[in-house]
Amino acid sequence: MTSGTTPGLTRFNTSADSDAVAALHEVCSSSAWGSKVLAQRPYATVEALFLASDAAMAELTAEDLAEAMAGHPPIGRPKAGDPTSSREQSGMAGASEELKAEMLELNLAYQDKFGHVFLICATGKTGEQMRDAVRDRIENAPEQEREIVRTELGKINRIRLTRLVERAENEEENA
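What comes next concerns the included structure. (Residues numbered from 1 in each chain as written. Predicted model: local features only at pLDDT ≥ 70, side-chain atom pairs only at ≥ 80, totals over all residues. Heavy atoms only, no water.)

1. Looking at helix H2 (residues 17-27)
Consideration 1: Listing the buried residues of H2 in full gives Ala20, Ala23, Leu24 and Val27. Here the buried residues of H2 occupy an arc of 100° about the axis, which is enough to place them on one side. Away from the buried face of H2 by more than 90 degrees, exposed residues Ser18 and Glu26 are located. (Buried < 20%, exposed > 50% of the residue type's maximum accessible area, 1.4 Å probe, protein only. Helix = DSSP H or I, 4+ residues; strand = E, 2+ residues; numbered from the N terminus. Arc of directions from axis to C-beta.)

See below:
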């Protein structure tokens, strides 16, 4: 994907606000993030869209982050029927039953400590890498963990925005 203007970006820029809001909600369930990204349309380049996403993520409050995290299922338990969730967590798909059970236990311990799901940009990570990350991060202070979560959400948003623009391009090619 180039960082310039693409047909998919043009489609996103010119779509009705209601369609753009729905598409952005699929990227990140924080309404504050979506509003900030929507308000800056049109985007001259994909990179400009990424930068707006990053800036919006940096401004989210703890409540906004909680809203964003609520849209993510626990690692090892993707949302049924959600191809995005399954694709992003594919590193757990072939994991052993032992690793899956360990992840469930770690997820519950993490959630008990921090009050939300363990969130990591899981794309390209193995089940073992995700397990090791939760093991390491469960020792963090809540404030430190909140900023790590913010960074991980930003990575996820960039991947999902790329897919959004690519999907829009593919839809135009198939029209």
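2. Description of the nonpolar core
For soluble globular proteins, nonpolar side chains are generally found buried alongside one another.
Consideration 1: Among the nonpolar cores identified, the biggest contains 45 residues, and Phe12, Trp33, Leu49, Ile75, Leu153 and Leu161 are the most heavily contacted of them.
Consideration 2: For this core, the secondary structure elements donating two or more residues are helix H1 (7-14), H2, helix H3 (31-39), helix H4 (46-58), helix H5 (62-69), helix H7 (97-114), helix H8 (127-137) and helix H9 (142-174).
Consideration 3: Setting aside its immediate chain neighbours within four residues, leucine 153 contacts Met57, Leu65, Ala68, Met69, His72 and Leu119. (Core = buried A, V, L, I, M, F, W, Y, C linked by side-chain atoms within 4.5 Å. Contact = heavy atoms within 4.5 Å.)

3. Here's the deal with H1
Note that an α-helix has 3.6 residues per turn; residues three or four places apart therefore point the same way.
Consideration 1: Among all positions of H1, only Gly8, Leu9, Phe12 and Asn13 are buried. In an axial view of H1, the angular spread of the buried residues amounts to 140°, which keeps them on one side of the axis.

4. Some words on the packing of aromatic side chains
Consideration 1: Inspection of every chain in the model, using the stated rule, returns two aromatic pairs.
Consideration 2: Judged by centre distance (4.6 Å) and plane angle (45°), the ring pair of tyrosine 110 and phenylalanine 114 falls under tilted. You can see tyrosine 110 and its partner phenylalanine 114 sitting in helix H7, four residues apart, about one turn around the helix. Across the pair, phenylalanine 114 and tyrosine 110 agree in class, each one buried.
Consideration 3: With centroids separated by 5.2 Å and ring planes inclined at 80°, the aromatic side chains of tyrosine 110 and phenylalanine 118 adopt a geometry described as edge-to-face. You'll find tyrosine 110 and phenylalanine 118 in the same group, each marked buried.
Consideration 4: Here a set of aromatic residues connected by ring pairs shows up, and it is made of Tyr110, Phe114 and Phe118. (Phe/Tyr/Trp six-rings, centres within 6.5 Å; stacked < 30°, edge-to-face > 60°.)

5. Re the pattern of salt bridges
Two side chains that carry opposite charge are able to pair once their charged atoms sit near each other.
Consideration 1: Taken as a whole, this structure holds 12 salt bridges when the rule is applied.
Consideration 2: Its salt-bridge partner being lysine 36, residue glutamate 59 comes within 2.9 Å of it at the nearest N-O pair. Of this pair, glutamate 59 sits in the loop between H4 and H5 while lysine 36 sits in helix H3, placing them 23 residues apart in sequence.
Consideration 3: Across the pair glutamate 102 and arginine 135 runs a salt bridge whose closest N-O atoms are separated by 2.3 Å. Of the two residues, glutamate 102 sits in helix H7 while arginine 135 sits in helix H8, which places them 33 residues apart along the sequence.
Consideration 4: Since its relative accessible area comes to 23%, glutamate 102 is described here as partly exposed. (Salt bridge = Lys/Arg side-chain N within 4 Å of Asp/Glu carboxyl O.)

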